[in-house]
Amino acid sequence: MYVSAHVLVAPDKFKGSLTAAEAAAAVARGLGRVAPDVPVRCLPVADGGDGTVDAAVAAGYRRVERTVTGPVGRPVTAAFAVREGTAVVEVAAASGLARLAEGERAPLTATSAGTGELVRAALDLGCERIVLGVGGSACTDGGAGLLAALGADLTGVEAPGGAALRNARELNLSTMDIRLEATEFILASDVDNPLLGPHGAAAIYAPQKGATPADVEVLEESLSRWASVVAAATGRDLADAPSAGAAGGIGFAALAVLGARHRPGIEMLLDLVGFAEAMTGARLVITGEGSLDEQTLRGKAPAGVASAARAAGIPVVAVAGRCLLGPDALRAAGIAGAYSLTDLEPDITRCLAQAADLLERLAESIARDWL
């Protein structure tokens, strides 16, 4: 039971400068200097992408680390979070673009195998419910690497990555880990792209992973072949399903083969970390992220936090590195006011370097304005 009249600080990460936990701590320090008698509860959040495991750990989940296959085959140490039979597995942790240097990007050959290895590690710990947070992936392999790591047998494919899928002939699912049959999968995603087409995984997201226009054509052809092979194996064609294109098609594999149920990433995360309970009795909610912009309104963490708080009748303000939303857009999202680092320091380089100090100063202003 939380103390009444507290402030709930629930930001996402400030990409390039602060983790969500670091941002929450900076806000709490600033509030404490101006309003030391007001209780503050920090609850870092995420939207299913990078930072999801950290948010779960901050909320009481146990952090588990394993060495798995990275996106270009090199071993990496990746973490997932576990509590009471539920595992939170983040695609970015094992198969993320952040795992690669700029010159290492491999849009045609990067694999999601490491994510499958993390899922297998969660099964080894007895988890029967796995939340798969997708976002920030380095691969466009349709989740083929993930399924192979879980025991699927794909004939005709001799190399990792999306490009090799154009040679796929048959998918044998009878060889997969039998524990998967009793496992509930939830696909936590903030995008609704299909696997194929002009809004699909290759066309929309592969260029962000280093794909040239010619590469995109190869990946589209390969994913189309992959979709046909998966449909033949499962009896279901889910290439057009919302979120099938998430994380380079990992969403497709999760939906079509693992039987995953899709939920918006921030909605799922708020449930996992006990946001509703933490919000009970709060007088103010403070959320935020590095950039408040049009993308924020499309299912990003601050929008999800603001929506939940508004439904509970609690005012919300946001902090950000920069704010590109006008007052009307902010109000429509349930955000009563926004405070940005660029209001204090216009130079972006300095903002990134001094983000924690500047965020503390913004929190002081919030305390004076709202507490």
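This one's a predicted model, so the numbers in the text were calculated from it and none came from an experiment.

Basis of the calculations
Residues numbered from 1 in each chain as written. Predicted model: local features only at pLDDT ≥ 70, side-chain atom pairs only at ≥ 80, totals over all residues. Heavy atoms only, no water. Helix = DSSP H or I, 4+ residues; strand = E, 2+ residues; numbered from the N terminus. Buried < 20%, exposed > 50% of the residue type's maximum accessible area, 1.4 Å probe, protein only. Lys, Arg positive; Asp, Glu negative; His and termini not counted. Salt bridge = Lys/Arg side-chain N within 4 Å of Asp/Glu carboxyl O. Contact = heavy atoms within 4.5 Å. Pairing = 2+ DSSP bridges. Axes fitted to C-alpha atoms, helices over the stretch in contact; angles between N-to-C directions. Parallel < 35°, antiparallel > 145°, perpendicular 65-115°, else oblique. Left-handed = near helix turned anticlockwise from the far one by under 90°. Polar contact = N/O pair within 3.5 Å; in protein donor to acceptor, adjacent residues only side chain to side chain.

Participant: It is not clear to me how the side chain of Glu117 should be interpreted in this structure. Could you clarify?
Facilitator: With respect to the secondary-structure elements, Glu117 resides in helix α4 (residues 113-124). Here Glu117 occupies a buried position and makes no salt bridge, while the nearest side chain of opposite charge, Arg120, is found at 5.2 Å. If we ignore the near neighbours within four places in the chain, the residues touching Glu117 are Val68, Thr69 and Ala149.

Participant: Even after reading the chapter, I still don't get the sheet that holds strand β11 (residues 284-292), so can you show me in this structure?
Facilitator: The strands making up a sheet associate through hydrogen bonds between their backbones, and the pairing can be parallel or antiparallel. As summarised here, the arrangement of the five strands in space is β2-β1-β11-β12-β13, forming an open sheet in which the pairing is parallel. The two strands at the open ends of the sheet, each matched to only one other strand, are β2 (40-42) and β13 (337-340). With strand direction ignored, the average angle separating the axes of adjacent strands in the sheet is 25°. Taken together, the four bridges between strand β12 (residues 316-323) and β13 define a ladder with parallel strand orientation. Paired with Ala320 across the bridge in β13 is Ser340. Here helix α1 (residues 20-34) sits on the sheet and contacts β1 (7-11), β2, β11 and β12; the angle it forms with β1, its principal contact strand, is near 150°. In this fold helix α11 (residues 301-311) packs onto β1, β11 and β12, with an angle of close to 160° to the strand it touches most, β11.

Participant: Looking at this model, I keep getting lost on the pattern of salt bridges. Mind explaining?
Facilitator: Pairing between side chains becomes possible if they bear opposite charge and their charged atoms approach one another. On inspection of all chains with the given rule, the structure shows 17 salt bridges. Across the pair Glu184 and Arg129 runs a salt bridge whose closest N-O atoms are separated by 3.8 Å. In this pair, Glu184 sits in strand β9 (residues 184-189) while Arg129 sits in strand β6 (residues 129-133), placing the two residues 55 residues apart along the sequence. The exposure class assigned to Glu184 is partly exposed, which follows from its relative accessible area of 34%. In this structure, the salt-bridge partner of Arg261 is Glu184, at a minimum N-O distance of 3.2 Å. Placement of Arg261 in strand β10 (residues 261-264) and of Glu184 in strand β9 is noted, with a sequence separation of 77 residues between them. Using a relative accessible area of 42% as the deciding quantity, one classes Arg261 as partly exposed.

Participant: How should the packing of α1 against helix α15 (residues 355-370) be read in this particular structure?
Facilitator: Each pair of packed helices can be summarised by the angle the axes make with each other and by the distance between the axes. Look at α1 against α15: their axes get within 7 Å of each other, and the N-to-C directions meet at 45°. Comparing their axes, α15 and α1 come out oblique. Considering only the axes of α1 and α15, their crossing is right-handed. Along the contact surface, α1 presents Ala23, Ala26, Val27, Arg29, Gly30, Leu31, Arg33 and Val34, while α15 presents Ala356, Leu359, Glu360, Ala363, Glu364, Ile366, Ala367 and Arg368.

Participant: Is there a simple way to explain the environment of Cys323 in this structure?
Facilitator: Relative to the helices and strands, Cys323 resides in strand β12. By relative accessible area, which is 24% here, Cys323 ends up partly exposed. C-alpha of Cys323 to C-alpha of Glu294: the two residues are 29 residues apart in sequence and 9.9 Å apart in space. Among all residues touching Cys323, those that are not within four sequence positions of it are Leu292, Leu330, Ala338 and Ser340.

Participant: Looking at this model, I keep getting lost on the side chain of Lys209. Mind explaining?
Facilitator: Inspection of the secondary structure assignment puts Lys209 in the loop between α6 (201-205) and α7 (213-234). Among buried charged residues, Lys209 stands out as having no salt bridge; its nearest opposite-charge side chain is Asp141, 8.0 Å away. Polar side-chain contacts of Lys209 include one of 2.9 Å to the side chain of Ser137. Non-local contacts of Lys209, meaning those with residues more than four positions away in its chain, are made with Leu97, Arg105, Ala106, Pro107, Ser137, Ala138, Cys139, Thr140, Ala247 and Gly248.

Participant: How should I be thinking about the pairing of strand β5 (residues 86-90) in this particular structure?
Facilitator: Along any regular strand, the residues point their side chains to alternate faces of the sheet. Of all five residues in β5, five are buried, a share of seventy percent or more. Because side chains alternate across β5, one face comprises the buried residues Thr86, Val88 and Glu90, and the other comprises Ala87 and Val89, equally buried. Bridge count between strand β4 (residues 75-83) and β5: three bridges; the pairing is antiparallel. The partner of Val82 across the bridge, within β5, is Ala87. Hairpin connection from β4 to β5: two residues lie between these consecutive antiparallel strands, with Glu84 at a positive phi of about 50°. Sheet topology note: the β5/β6 ladder contains five bridges and is parallel. Across the sheet, residue Val89 finds its bridge partner in β6, namely Leu132.

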